[in-house]
Amino acid sequence: MNKLEYDSLHKFFVSIGITCIVLPFGIIAYLFKKDVQLISANDYKSLSNYSMEALTFQYRFLKIVNNKAFIVLFFIIMAALVLLGIYLTCIGLSGWKKVQKDYDKIVETERIEREFNIEHLDESEVAEKAEREIKELSESTDHIVSQTATNSVSRYMKLETAYFNKYLTVPFKRRHIIERNVRADNYEYDAIAVSRYGNNDSLYEIKCNTTPLPIGVLKMIVFRFFEYGEKYGKDRNRNINYYLIFISNTQTLEQTKIQMDEIIEKYKDDSNFNKLEIQYINEQELLN
């Protein structure tokens, strides 16, 4: 973390909490380490009225402090202050942690954008990307989409989000910085997973076709993915793993797998296929 980012309320809680913890110990140190001054009767008689009043006050105060009931009450109050301080500090630090986590994510995202020359798509661009893919897939199959365009885009984006939430495990997320909906080298990726500890990155391409795609279209999708992935890796000195995910109904997935197996068999000498993982996800199971 280059900076500490505090929410003002959390900072206030931490400040009050630390004060409540430290204050009782300061009071105890003052009361029980204060030296008692002894003076002779002659010296006492020679004191000014102000000094005699101060000395009398000190005597009465010490008499109260040495009272057993006062001591018990004092330590109860001091203990309560310490407990309150611990509670407020924990609340403040917990809130700060959440704020700091969001801030760190922003800083990390900006660093990735700068170092890897990628651009995050805004909400309208994400919707446009989904619309283009739906149109491309539907035109390739001469399939008239029965859903409205808005519902189709909503479905596409919902399935993508569900996939990343379900299939990217916590250990994987700890080892990688996940950047969704990004543009690099004029190619729009559904996600890029940048390794935190090495130079092995993962690129994600998700297809949510409702009907089987022609084998020629599948081939185009795969080799276009490889083309831009190779450029991404070469320009940034990264090793690339490819993830191609098909999300659809059972019948479409079965047909897609048969066609993809044919493509892999035909082009098995292409080294990129060794870096490619294809996943076939049932739409209903994903959303359940």
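What you see is a predicted model; the values in this text were computed from it and never measured. (Residues numbered from 1 in each chain as written. Predicted model: local features only at pLDDT ≥ 70, side-chain atom pairs only at ≥ 80, totals over all residues. Heavy atoms only, no water.)

### A closer look at the packing of helix H8 (residues 215–236) against helix H9 (residues 250–266)
Here is step 1: Where H8 meets H9, the closest approach of the two axes is 10 Å, and the angle between their N-to-C directions is 60°. Where H8 crosses over H9, the handedness of that crossing is right-handed. In contact with Ile-215, Leu-218, Lys-219 and Val-222 of H8, H9 contributes Thr-256, Gln-259, Met-260, Glu-262 and Ile-263.
Here is step 2: Residues of the contact of H8 with H9, tallied by class, amount to five nonpolar, two polar and two charged. (Axes fitted to C-alpha atoms, helices over the stretch in contact; angles between N-to-C directions. Helix = DSSP H or I, 4+ residues; strand = E, 2+ residues; numbered from the N terminus. Left-handed = near helix turned anticlockwise from the far one by under 90°. Contact = heavy atoms within 4.5 Å. Nonpolar A, V, L, I, M, F, W, Y, C, P; charged D, E, K, R; others polar.)

### Things to note about unusual backbone geometry
Here is step 1: A positive phi angle is found at Asn-181, which is not glycine, with a value near 55°.
Here is step 2: Mapped onto the elements of the fold, Asn-181 is located in strand S2 (residues 176–184).
Here is step 3: The exposure class of Asn-181 is buried, given its relative accessible area of 10%.
Here is step 4: Despite not being glycine, Asn-237 has its phi angle at roughly 55°, a positive value.
Here is step 5: As for its position among the elements, Asn-237 is in the loop between H8 and strand S5 (239–248). (Buried < 20%, exposed > 50% of the residue type's maximum accessible area, 1.4 Å probe, protein only.)

### Things to note about the sheet that holds strand S4 (residues 200–207)
Here is step 1: Sheet architecture is open: six strands sit in the order S1-S2-S3-S4-S5-S6, paired in mixed fashion. The open sheet has two free edges, formed respectively by strand S1 (119–120) and strand S6 (276–282), since each of these has just one partner strand.
Here is step 2: Looking at chain direction, S1 and S2 are connected through two bridges and run antiparallel. Bridge assignment links Glu-119 to a residue of S2, and that residue is Arg-183.
Here is step 3: Along the sheet, H8 makes contact with S2, strand S3 (187–195), S4, S5 and S6, crossing S5 at roughly 150°. (Pairing = 2+ DSSP bridges.)

### Topic: H8
Working note: α-helix, 3.6 residues per turn, so residues spaced by three or four point in the same direction.
Here is step 1: Across its 22 residues, H8 extends 32 Å between first and last C-alpha, which sits within 8% of the 32 Å expected from 1.5 Å per residue.
Here is step 2: Every buried residue belonging to H8 is among Val-217, Leu-218, Ile-221, Val-222, Phe-225, Phe-226, Gly-229, Tyr-232, Gly-233 and Arg-236, and all of these are buried.
Here is step 3: Backbone geometry just after H8 places Asn-237 at a positive phi near 55°. (Expected span 1.5 Å × (residues − 1).)

### Examining the environment of Phe-172
Here is step 1: The topology assignment puts Phe-172 in helix H7 (residues 170–175).
Here is step 2: Between the C-alpha atoms of Phe-172 and Ser-195, which are 23 residues apart in sequence, the distance is 9.3 Å.
Here is step 3: Beyond its immediate stretch of four places on either side in the chain, Phe-172 contacts Ile-178, Ala-193, Ser-202 and Tyr-204.

### Considering the packing of aromatic side chains
Here is step 1: In the structure shown here, the tally under the stated rule is 15 aromatic pairs.
Here is step 2: Consider the rings of Phe-223 and Tyr-267, whose centres lie 5.0 Å apart with planes at 70°: the pair is edge-to-face. Here Phe-223, found in helix H8, pairs with Tyr-267, found in the loop between H9 and S6; they are 44 residues apart in sequence, far enough to count as distant.
Here is step 3: Seen in terms of ring centroids, Phe-226 and Phe-273 are 5.1 Å apart; in terms of plane orientation they differ by 85°. Their pairing is edge-to-face. (Phe/Tyr/Trp six-rings, centres within 6.5 Å; stacked < 30°, edge-to-face > 60°.)

### Focus on the confidence of the model for the protein chain
Interpreting fine coordinate detail is not advised for predicted regions of low pLDDT.
Here is step 1: Residues at a pLDDT of 70 or more form 78% of the protein chain, whose mean pLDDT is 82.
Here is step 2: When mean pLDDT is compared element by element in the protein chain, S6 scores highest at 96, while helix H2 (residues 41–45) scores lowest at 63.
Here is step 3: A low-confidence stretch, residues 144–150 (pLDDT under 50), is modelled with five contacts involving residues beyond four sequence positions or located in other chains. (pLDDT = per-residue confidence, 0-100.)

### A word on a nonpolar patch on the surface
Here is step 1: Together, Leu-9, Phe-12 and Ile-16 give the surface a local cluster of nonpolar side chains, amounting to about 270 Å² of exposed area.
Here is step 2: By secondary structure assignment, the location of Leu-9 is in helix H1 (residues 8–32).
Here is step 3: Overall, the relative accessible area of 46% leaves Leu-9 in the partly exposed class. (Patch = residues over 30% accessible without salt bridge, like charges linked within 9 Å, V, L, I, M, F, W, Y side chains within 5 Å. Areas by Shrake-Rupley, 256 points an atom, 1.4 Å probe, with all protein chains shown as cover. Salt bridge = Lys/Arg side-chain N within 4 Å of Asp/Glu carboxyl O.)

### Observations concerning the pairing of S3
Here is step 1: In terms of residue burial, S3 counts as a mostly covered element, since nine of its nine residues are buried.
Here is step 2: With eight bridges connecting them, S2 and S3 associate as antiparallel partners. The residue bridging Ile-178 from the neighbouring strand is Ala-193, located in S3.
Here is step 3: Where S2 folds back on S3, the antiparallel hairpin that results is connected by two residues, among which Asp-185 adopts a positive phi of roughly 55°.
Here is step 4: Of the pairings in the sheet, the one linking S3 to S4 comprises three bridges and is antiparallel in character. Considered in S4, the bridge of Ala-191 is made with Tyr-204.
Here is step 5: Counted along the chain from S3 to the antiparallel partner S4, the turn is four residues long.

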